[in-house]
Amino acid sequence: MSRLKQPGYELDTAFIPAHYQPALLVELAIARGADSRQLLRGTRLSLADLESHEVPLSPDQFLTLIGNTEKLLDADDSSFMFGQQLLPGFYGACSQTLQMAGSCRQLVEFMCEFKAVLSPLITPRFYETDEGLVIYWQDSCGADTRYRFILEASIAAFASLLDWLSPEKICCRYEFNYTEPDYIEQYWVHIGQNLSFDQQMNAIIVPTEKLDMNWTITRKLPFKGTVNSARVQLMQLGWHESFVDQVYQYLMAHIREPINLDRVSTAFMLSPASMKRKLKKHHTHFQQLLDLARKNTAIYLYQAQKYDLQQIADYLCFNDMNNFRRAVKRWTGFSPNVLFA
Amino acid sequence: MKKHVISHWSYLYGLLFASVGGFSVFHVWGELKPTADISWLDVLSEGGMTTLAIFWLYMVLRSRPAGRVTQLIALGLCCIIFSWSMDVVDEFIRLPSTLLWHSWLESLPIPLALIFLSVGIYHWHEEEIAISAQMAKRERHFREHRLFDKLIPVGGAGYLRKQLGLALKEASVSMIPVSVVAVDLNDFNLVNRRYGVKEGDDILQVVSQLLLINIRHDDLICRLAGDRFVILMNNTTESAAKLIAEDLKQAVSHLAYRTREENERVHLTATVAVTTAQKDDTDSLIQRLNTLIIRNKPDRSVLV
């Protein structure tokens, strides 16, 4: 349980430096004519706070800011424009590390390692299949109605960063777990043509052949130093991941074992009631996270390990195939025969 | 001659002043009606009319730039509000019928108001014709302000879809070719990265103006999203559209835009794509145009 010695950040943990992502968002909004007073309404912040490095924001404050921006700008491309500015960003050594990444694979690894700095509201994770590297995004703080904005920004940020760093064009595939929005043109122009909607995850698939292509001449010593100072930066920030992420990861790690609220609560040294309360604060609940973990495991086994239906069911310890079918239908909305055909 | 522009607040002050004046006339010469004599239905309807007229004035002043048309319409509305508000006061206070003021206060402003409004609306009509001439390449046949692009003074994707739908329907009946041209700036997100969103937005506005100048009178330009513009060309074959597209590409590369802060020259290049509708619907046509533009994109020019 060494991982749990360091608790995860929660919705009301103030740790996001105001001059990181929030300042970028405010600048965009003001450049597009939003009134700064209305923009900061409900955030308990002043414009001066955004310049200082002393006032950290909680995810909740950042989300309020995002909600205000969405409302004030009322344009379909706000999230994409914000995203284009997000990465590598101006977040100290972590940003510098991204810029020094020697290949796409390394870039993704850094993104995931320094997620608390680079992407505090949404967590990138990845696994590899025959087709390529699947990078998928998951809500880390209970963004609720603002999740779509954050997701669009993050995907656009990654696409734009990849476009910027890579010496040749990488044609990625994009999957989204919602239906095609009516402002689809924004996706075409800011992300790419290769989109599919109504999928199981929000993911970018980078084709295998581009993954390890060398981008830059690596300067070994400065590179190592930068990565080390990025790790120090993360340590000083004090948070590696969110509380919800930790619960999800615990579930993923123990997915083959009989698992329930009591057991997870004990592992986190919380009473079941506090665990429930904390999850509720982040707009989720235990069963929802467990279903998500199982669904993602099933998809991973199918895509990456080429398991068939029976093997997946065995892996997830379903004795009864009918039970498994029903469960898959509940997690994904599709029958397993369609999904794992 | 220096044009005298009345500030928006002065209408409200003037109105307030006149109303106070009118009210004092009532106060000095009139006598309060007993409650039983007050017709509440009249109060309600006349009060409602006055409130509505104040709302009209507010809307006109909020939305219109100062100028002749605004001035005339606002003066007309001020007269109406004054007259109607005197009507309301009339319900509470009785003036002796011998007093000439009484009918003056209520009746005199109305013809004045009608004259102001008529002249104002006539000039408004002239103004609309002038604006429509300027808007000609940005809208065809119908105006829908809700579909205007938020940032750039041309229609957005929604407007394009509507117009394209109309054009395609028309084309299928009369068998005339409809072409669409897409113009997409190369590596525009690098411009945004380097100079910031504000400068990027300014560049897009300039580019939209530039494209507007370089298209024909009957063409329609819309911004699909970001830095991608689509021009709808009615009654144009693919080869004719290609010529214009090439001109647009040249125009963009010759644009000497300089940044606001540093006066730095920004070199822009564009990729164009042209396609002509063949048994297409709106979506398939836009889809094909997008695929073409990606295919036409040059290999990455290294921009540092």
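Conventions used here
- Residues numbered from 1 in each chain as written.
- Chains lettered and ligands numbered in written order.
- Predicted model: local features only at pLDDT ≥ 70, side-chain atom pairs only at ≥ 80, totals over all residues.
- Heavy atoms only, no water.
- Salt bridge = Lys/Arg side-chain N within 4 Å of Asp/Glu carboxyl O.
- Helix = DSSP H or I, 4+ residues; strand = E, 2+ residues; numbered from the N terminus.
- Buried < 20%, exposed > 50% of the residue type's maximum accessible area, 1.4 Å probe, protein only.
- Pairing = 2+ DSSP bridges.
- Contact = heavy atoms within 4.5 Å.
- Axes fitted to C-alpha atoms, helices over the stretch in contact; angles between N-to-C directions.
- Parallel < 35°, antiparallel > 145°, perpendicular 65-115°, else oblique.
- Nonpolar A, V, L, I, M, F, W, Y, C, P; charged D, E, K, R; others polar.
- UniProt positions renumbered as here; feature names shortened; annotations may be inferred.
- Phe/Tyr/Trp six-rings, centres within 6.5 Å; stacked < 30°, edge-to-face > 60°.

**Student:** Give a description of the pattern of salt bridges that names residues and reports values.
**Tutor:** All names here are of chain A. Inspection of every chain in the model, using the stated rule, returns 29 salt bridges over all chains. The salt bridge involving Glu241 is made with Lys115; its shortest N-O contact spans 3.9 Å. Of this pair, Glu241 sits in the loop between helix H12 (220-237) and helix H13 (243-253) while Lys115 sits in helix H8 (residues 115-118), and the two are 126 residues apart along the sequence. The pair Glu241 / Lys115 is uniform in exposure class, with both members buried. Connected through shared salt-bridge partners, Glu10, Asp12, Lys278 and Lys281 make up one network.

**Student:** Tell me what's going on with the sheet that holds strand S3 (residues 122-128) of chain A, and back it up with residues and numbers.
**Tutor:** Strand pairing within a sheet occurs via backbone hydrogen bonds; the two strands may be parallel or antiparallel. All names here are of chain A. Pairing is mixed in the open sheet, where five strands are placed in the order S3-S4-S7-S5-S6. In the strand order of this sheet, the two ends are held by S3 and strand S6 (195-196), each with one partner. Bridge analysis of strand S4 (residues 132-139) against strand S7 (residues 203-207) gives five bridges, and the strand direction is antiparallel. By the bridge assignment, Gly132 is partnered in S7 with Pro207. Strands in contact with helix H7 (residues 104-113) are S3, S4 and S7; relative to S3, the strand with the most contacts, it is inclined by about 140 degrees. Set on the sheet, helix H9 (residues 147-165) makes contact with S3, S4, strand S5 (173-175) and S7; between it and S4 the angle comes to about 150 degrees.

**Student:** Quick one: what's the story with the packing of helix H16 (residues 286-303) of chain A against helix H18 (residues 321-332) of chain A, residue by residue and with numbers?
**Tutor:** Residue and element names in this part refer to chain A. Two numbers describe how H16 lies on H18: the axes approach to 10 Å, and their chain directions differ by 105 degrees. In terms of orientation, H16 lies roughly perpendicular with respect to H18. Along the contact surface, H16 presents Gln287, Asp291, Arg294, Lys295 and Ala298, while H18 presents Arg330, Trp331 and Thr332. A class-by-class count of the residues in the contact of H16 with H18 yields two nonpolar, two polar and four charged.

**Student:** Let's hear about the sheet that holds strand S8 (residues 270-276) of chain B: which residues, and what values?
**Tutor:** Residue and element names in this part refer to chain B. Taken together, the four strands give an open sheet; going across it, the order is S4-S5-S3-S8, and neighbouring strands pair in antiparallel fashion. At either margin of the open sheet sits one strand with a lone partner, and together these are strand S4 (220-225) and S8. Going across the sheet, the axis of each strand differs from the next one's by a mean of 20 degrees, ignoring polarity. In terms of strand pairing, S4 meets strand S5 (residues 228-234) through five bridges, oriented antiparallel. Residue Ala225 lies in a different strand from S5, and its bridge partner there is Arg228. The strands that helix H6 (residues 157-174) touches are strand S3 (178-185), S4 and S5; relative to S4, the one it contacts most, it runs at about 130 degrees.

**Student:** For the UniProt feature "domain: HTH araC/xylS-type" (unreviewed entry) in chain A, give the residues involved together with the corresponding values.
**Tutor:** According to UniProt, the feature "domain: HTH araC/xylS-type" (unreviewed entry) maps to residues 245-341 of chain A in the numbering used here. Secondary structure across residues 245-341 of chain A divides into 69% helix and 0% strand, with the first and last C-alpha atoms of the span separated by 30 Å.

**Student:** Can you tell me about the packing of aromatic side chains, naming the residues and giving the values?
**Tutor:** Residue and element names in this part refer to chain A. With the rule as written, the count across this model stands at 23 aromatic pairs over all chains. Between the aromatic rings of Phe176 and Tyr187, the centroid separation amounts to 5.3 Å while the plane-to-plane angle is 90 degrees, which identifies the pairing as edge-to-face. Note that Phe176 is positioned in the loop between S5 and helix H10 (184-190) and Tyr187 in helix H10, a separation of 11 residues in sequence. For the pair shown, Phe176 and Tyr187 are each scored as buried. Ring centres of Tyr187 and Phe197 lie 5.6 Å apart, and the angle between their planes is 75 degrees; this geometry places the pair in the edge-to-face category. Of this pair, Tyr187 sits in helix H10 while Phe197 sits in the loop between S6 and S7; the two residues are 10 residues apart in sequence, bridging distant segments of the chain. There is no split in this pair, since Tyr187 and Phe197 are both buried.

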